[in-house]
Amino acid sequence: MSEARALTGLESLPARQRLIAALDFSTVREAETMVERLGDSVAFYKIGMELAYGGGLPFAKDLVAAGKRVFLDLKLHDIPTTVTKACANVARLGADFLTVHAYPQTMGAAMAGVAGTPLRLLAVTVMTSYDDQDLREAGYAFAVKDLVARRAEQARRAGIHGLILSAGEAKAMRAKFGPELILATPGIRPVGSETRDQKRAMTPAAARAAGADYLVVGRPITEANDPKAAAEAIVADIAGVDSE
Ligand code: C5P
């Protein structure tokens with residue numbers, strides 16, 4: 001285990017801490033109801049743009065005050081001064097993770113904004129809704145896989161703490177960058193659940209085995225008949241890999 005990883009405690013993190021439940025709701029009321037239903041089964045929540053624009057930022061503070069960990073998936077990207085100041089302000093909310101787009105200027109500015117705070121930055125390399133044709137249309141001369149690799153390397157150079165990536169890419173990135181980067185993977189689908197719009201879904205156990213530190217799970221929990229049982233099953237799946 002590398003020293004950096006040992007210091008962050010990532011290797012020994014309990015399975016429950018590795019599950020991040022996505023609160024993709026438009027109102028705080030719905031999110032609060034879900035958090036109540038989930039109780040102790042979930043320790044870490046993700047608030048994305050939808051909820052952030054519907055009162056999700058004060059709600060993030062409430063979650064932190066209630067002892068939960070919070071991932072703000074705000075995908076920041078602006079001129080450097082604005083990004084630095086925005087990140088410094090987000091750090092005051094007490095969240096653990098914040099996403100920024102993996103542009104070199106943006107990442108450097110974001111790192112300056114969180115310096116000296118416990119907020120960790122995760123870089124979004126290429127949105128998973130983009131394919132090679134979409135990138136060409138947007139003016140890029142790279143295929144998705146080449147742009148992901150390029151931006152991941154730039155993220156590492158900027159000192160970014162981790163990457164958001166699909167579980168299918170986790171193994172290669174772990175091999176390439178070693179243990180120093182936090183890897184968080186959405187697109188998780190427990191055995192038997194619907195894949196819906198996730199095209200490269202993986203089970204919780206497979207994602208953890210591939211090297212993901214954190215698993216972001218939305219609808220398989222929030223749309224389950226029994227969200228708490230769904231969360232517990234995912235935690236058990238992750239724990240099964242960690243105890244091997
Ligand atoms: O409901 P589901 O499990 O598909 O939710 C996954 C969550 O992860 C959503 O909040 C979605 O915005 C987010 N996400 C994703 N793919 C990415 C980045 C984020 O699905 N590449």
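Residues numbered from 1 in each chain as written. Predicted model: local features only at pLDDT ≥ 70, side-chain atom pairs only at ≥ 80, totals over all residues. Heavy atoms only, no water.

A. Expanded view of the sheet that holds strand 2 (residues 44–48). Taken in spatial order, the eight strands close into a barrel running 1-2-3-4-5-6-7-8, and their pairing is parallel. Averaged over all adjacent pairs, the angle separating strand axes in this sheet is 25°, with direction ignored. Bridge count for strand 3 (residues 69–76) against strand 4 (residues 97–101) is three bridges, and the pairing is parallel. Considered in strand 4, the bridge of Phe71 is made with Phe97. Helix 5 (residues 80–91) contacts strand 3 and strand 4 of the sheet and is inclined by roughly 165° relative to strand 3. Against the sheet, helix 12 (residues 227–242) makes contact with strand 1 (19–22) and strand 8 (214–217), and its axis sits at roughly 150° relative to strand 1, the strand it touches most. (Pairing = 2+ DSSP bridges. Helix = DSSP H or I, 4+ residues; strand = E, 2+ residues; numbered from the N terminus. Axes fitted to C-alpha atoms, helices over the stretch in contact; angles between N-to-C directions. Contact = heavy atoms within 4.5 Å.)

B. The nonpolar core, seen in detail. Grouped together as the largest cluster of nonpolar side chains are 66 residues, with contacts concentrated most on Leu23, Ile47, Phe59, Leu72 and Leu98. The contact partners of Leu72, leaving out residues within four places of it in the chain, are Ile47, Leu57, Ala60, Val90, Leu93, Ala95, Phe97, Leu98 and Thr99. Within the second largest apolar cluster, 14 residues are counted, among which are Leu10, Leu122, Tyr214 and Val216. (Core = buried A, V, L, I, M, F, W, Y, C linked by side-chain atoms within 4.5 Å. Buried < 20%, exposed > 50% of the residue type's maximum accessible area, 1.4 Å probe, protein only.)

C. The packing of helix 5 against helix 6 (residues 104–114), seen in detail. Relative orientation of the contacting elements helix 5 and helix 6 amounts to 35°, with a least axis distance of 7 Å. Every pair of crossing elements has a handedness; the one defined by helix 5 and helix 6 is right-handed. For the pair helix 5 and helix 6, the contacting residues are Pro80, Val83, Thr84, Cys87 and Ala88 in the first and Gln105, Thr106, Ala109, Ala110, Ala112, Gly113 and Val114 in the second. Taken together, the residues that form the contact of helix 5 with helix 6 break down as eight nonpolar, four polar and no charged. (Left-handed = near helix turned anticlockwise from the far one by under 90°. Nonpolar A, V, L, I, M, F, W, Y, C, P; charged D, E, K, R; others polar.)

D. View of the packing of helix 3 (residues 28–38) against helix 12. Interhelical geometry of helix 3 versus helix 12 gives an angle of 60° and a closest axis separation of 8 Å. One finds that helix 3 runs oblique with respect to helix 12. Read as a crossing pair, helix 3 and helix 12 show a hand that is right-handed. Between helix 3 and helix 12, the residues in contact are Met34, Arg37 and Leu38 and Pro227, Lys228 and Ala231, respectively. A breakdown of the residues in the contact of helix 3 with helix 12 according to their chemical character gives four nonpolar, no polar and two charged. (Parallel < 35°, antiparallel > 145°, perpendicular 65-115°, else oblique.)

E. Spatial organisation of unusual backbone geometry. Phi angles above zero are rare outside glycine, and Lys75 is one such case at about 45°. Structurally, Lys75 can be placed in strand 3.

F. Focus on the pattern of salt bridges. Tallied over the entire structure, the rule returns 10 salt bridges. A salt bridge links Asp73 to Lys46, with the nearest nitrogen and oxygen atoms 2.7 Å apart. Placement of Asp73 in strand 3 and of Lys46 in strand 2 is noted, with a sequence separation of 27 residues between them. On the accessibility criterion, Lys46 (9% relative accessible area) is buried. Here Asp213 makes a salt bridge to Arg174, at a shortest N to O gap of 2.7 Å. You can see Asp213 sitting in the loop between helix 10 (204–209) and strand 8 and its partner Arg174 sitting in helix 9 (residues 167–177), a full 39 residues away along the chain. We note that Asp213, like Arg174, is buried. Salt bridges here are not isolated pairs; linked through shared partners, they connect Arg18, Arg208 and Asp242. (Salt bridge = Lys/Arg side-chain N within 4 Å of Asp/Glu carboxyl O.)

G. Region of interest: helix 4 (residues 49–65). When the terminal C-alpha atoms of helix 4 are compared, their 21 Å separation across 17 residues is substantially less than the 24 Å that a helix rising 1.5 Å per residue should span. Helix geometry: helix 4 is bent most strongly at Gly55, by close to 90°, with proline Pro58 lying one to four residues after it. Three or more residues of helix 4 are buried, namely Leu51, Ala52, Gly56, Phe59, Ala60 and Leu63. Positive backbone phi, approximately 90°, marks Gly67, located one or two places after helix 4. (Expected span 1.5 Å × (residues − 1). Bend = angle between axes of the 7 residues up to and from the residue.)

H. Highlighting the side chain of Arg18. Within the element layout of this structure, Arg18 appears in helix 2 (residues 15–18). By relative accessible area, which is 0% here, Arg18 ends up buried.

I. Focus on the pairing of strand 4. For strand 4, a buried count of five out of five residues is recorded, marking the element as mostly surrounded by other parts of the structure. Judged by which residues are buried, strand 4 turns out to be covered on both faces: Phe97, Thr99 and His101 on one side and Leu98 and Val100 on the other are all buried. One crossover worth recording links strand 3 to the parallel strand 4 by way of helix 5, and it is right-handed. In the sheet, strand 4 pairs with strand 5 (residues 120–124) via five bridges, with the strands oriented parallel. Paired with Thr99 across the two strands is Leu122, which belongs to strand 5. Following the chain from strand 4 across helix 6 to the adjacent parallel strand 5, one finds a crossover that is right-handed. (Right-handed = clockwise from strand over helix to strand, strands pointing away.)

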